Amino acid sequence: MTAHVVASLGWLGAVVVFLVLALAALRTDDAMVTAAGYIAMDLSVRFAIVPLAVASLLSGVVSSLASPWGLVRHWWVLIKLALVAVATVVLLLQLEPIAALADGGMASAPVASGEQWREAVVSLVVHATGGLVILLAATVLAVYKPRGLTGFGRAPSRVGRDARHRE
C-alpha cells in the first residue's frame, strides 16, 4: 500500500512540474527557455512520470488484490483503475510528440511554423491538465471510498447468506 501511495503522489507531483514547464514554454519568447523547457519535459516524462505511472498502476492492482477492497468488488476501485489506466495510455501516446519537441524535430521540418509549435505545446498543456484532473479524481476516490459494490462484490455475500439460511 505504501508503494502505491508514494508512486501515485509522485506521479501527481511530477505532472504538476510538467505542467509548469509546459506553461513556461508556452508563455515565453526566449528561445533558450523554450528549448530548455522541452528538454526538461522530455526528461521528466521518461525518467519520472512514466515510471511512476506504471508503478502506481501495478502497485494499485497488487494492493487491491491483497486488501479487503478487492480489484472488482467496489465501484470506486474499478473507476479508479479505469482512470489510472486511461491516464497511463494517454501518457504513453504523448511520448513521441514530447520527444519531437525536445529534439527540435518540428523545427527541422520544412512546413513547421511557430503556430505548429504553439499548437503542440498547447496540446501538452491540455493533456497535462487533463491528467492532473484524472489523478486528483483518483485521489479523491481513494480517500473517500464511496459506497457501492459491483455485481462481483455482492455475489460472495449473497452466497454466504444463502449458506447460512440452509444451516
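The residue numbering used here restarts from 1 in each chain and proceeds along that chain's sequence as written. Selection of residues for local features in this predicted model requires a pLDDT of at least 70, selection of side-chain atom pairs for listing and counting requires 80 or more, and totals for whole chains, interfaces and linings are taken over all residues. Derived side-chain values reflect all non-hydrogen atoms in the structure, with water molecules and hydrogen atoms excluded from consideration.

Take the overall build of the protein chain next. Runs of E in the DSSP output that reach at least two residues are strands. Runs of H or I that reach at least four are helices, and both are numbered from the N terminus. Tallying secondary structure elements over the protein chain gives 7 helices and 0 strands in all. Each helix and strand of the protein chain, ordered N terminal to C terminal, gives the series α-α-α-α-α-α-α. Only protein chains enter the accessibility calculation, which uses a 1.4 Å probe. A residue is then buried if its area is under 20% of the maximum for its type, exposed if over 50%, and partly exposed in between. Burial statistics for the protein chain: of 167 residues in total, 32% are counted as buried. Contacts are assigned to residue pairs that have any heavy atoms within 4.5 Å of one another. Once local pairs closer than 6 in sequence are excluded, the contacts in the protein chain between residues at least 24 apart make up 76%. Carbon and sulfur atoms make up 71% of the accessible area of the protein chain, which amounts to about 9,800 Å² in all. For the accessible areas, the method is Shrake-Rupley and the probe is 1.4 Å, while residue cover comes only from the protein chains on display.

The next point concerns the pattern of salt bridges. Side-chain pairs of opposite charge can arise whenever the charged atoms involved come near each other. Within this document, salt bridges are pairs made up of a side-chain nitrogen of Lys or Arg and a carboxyl oxygen of Asp or Glu, the two lying within 4 Å of each other. Inspection of the entire model under this criterion finds 1 salt bridge. Asp 42 is the salt-bridge partner of Arg 46, the closest N and O atoms lying 2.9 Å from each other. Of this pair, Arg 46 and Asp 42 both sit in helix H2 (residues 31-65), 4 residues apart, which is roughly one turn of that helix. Overall, the relative accessible area of 35% leaves Arg 46 in the partly exposed class.

A few words now on the confidence of the model for the protein chain. Averaged over the protein chain, the pLDDT score is 86; the fraction of residues at 70 or greater is 87%. Residue-level confidence of the predictor is what pLDDT reports, using numbers from 0 through 100. Taking the mean pLDDT of every element in the protein chain, the minimum, 48, falls on helix H5 (residues 105-108) and the maximum, 95, on helix H1 (residues 2-27). Note that pLDDT drops below 50 for residues 107-111; the model gives that stretch 3 contacts with residues more than four away or on any other chain.

One non-glycine residue, Lys 145, lies in positive phi territory at about 45 degrees. Position of Lys 145 relative to the elements: it lies in the loop between helix H6 (114-144) and helix H7 (151-166).

Only residues whose relative accessible area exceeds 30% and that form no salt bridge are eligible for patches; like-charged ones are grouped when within 9 Å, while nonpolar side chains (Val, Leu, Ile, Met, Phe, Trp, Tyr) are grouped when within 5 Å. On the surface, Met 1, Val 5 and Leu 9 cluster together into a nonpolar patch covering about 300 Å² of accessible area. A relative accessible area of 49% means that Leu 9 is categorised as partly exposed.

Let us look at the layout of surface pockets. Cavity: a set of points on a 1 Å grid over the protein atoms alone where a 1.4 Å probe fits but cannot get out. Pocket: an open set with protein on both sides within 12 Å along at least five of seven lines, its lining residues, like those of a cavity, having an atom within 4 Å of a point. Grid points are joined across faces, edges and corners, and a volume is the space filled by probe spheres set on the points. Taken as a whole, the largest pocket holds about 510 Å³ of empty space. As for the largest pocket, its lining consists of 27 residues, of which His 4, Ser 8, Trp 76, Lys 80 and Ala 142 are closest to the centre. Each residue gets one of three labels, nonpolar for Ala, Val, Leu, Ile, Met, Phe, Trp, Tyr, Cys and Pro, charged for Asp, Glu, Lys and Arg, and polar for the others, Gly among them. Tallied by class, residues from the lining of the largest pocket come to 17 nonpolar, 8 polar and 2 charged. As a volume, the second largest pocket reaches approximately 240 Å³. Taken together, 18 residues form the lining of the second largest pocket, with Ala 87, Leu 91, His 127, Ala 128 and Gly 131 sitting closest to its centre.

The terminal C-alpha atoms of H2 lie 49 Å apart, and with 35 residues this matches the ideal 51 Å at 1.5 Å per residue to within 8%. At Val 45, H2 is bent by approximately 45 degrees, the largest bend along its length. Backbone nitrogen of Met 32 and a side-chain oxygen of the N-cap are separated by 2.9 Å at the start of H2; the cap is Asp 30. Take the residue count of a helix, subtract one, and multiply by 1.5 Å to get its expected span. Fitting axes to the seven residues that end at a residue and to the seven that start at it, the angle between those axes gives the bend at that residue. Whenever two N or O atoms come within 3.5 Å, that pair is a polar contact, provided that in protein one can donate a hydrogen and the other can accept it, and provided that, for residues adjacent in sequence, both atoms are side-chain atoms.

On to the nonpolar core. Put simply, a nonpolar core is a bunch of buried Ala, Val, Leu, Ile, Met, Phe, Trp, Tyr and Cys residues held in one set by side-chain atoms that sit within 4.5 Å of each other. Core analysis: the biggest nonpolar cluster contains 30 residues, and Trp 11, Phe 18, Tyr 38, Met 41, Val 45 and Ile 49 have the highest contact counts within it. Broken down by secondary-structure element, the contributors of at least two residues to this core are H1, H2, helix H3 (75-93), helix H4 (95-103) and H6. Per-element accounting of this core gives the leading share, 9 residues, to H6. If we skip the residues at most four places from it in the chain, Phe 18 touches Met 41, Ser 44, Val 45, Ile 49, Ile 98, Leu 124 and Ala 128.

This brings us to the side chain of Asp 42. Assessed through its relative accessible area of 12%, Asp 42 is described here as buried. There is a polar contact of 2.9 Å between the side chain of Asp 42 and the side chain of Arg 46. Residues in contact with Asp 42, not counting those within four places in the same chain, are Ile 98, Ala 99 and Ala 102.

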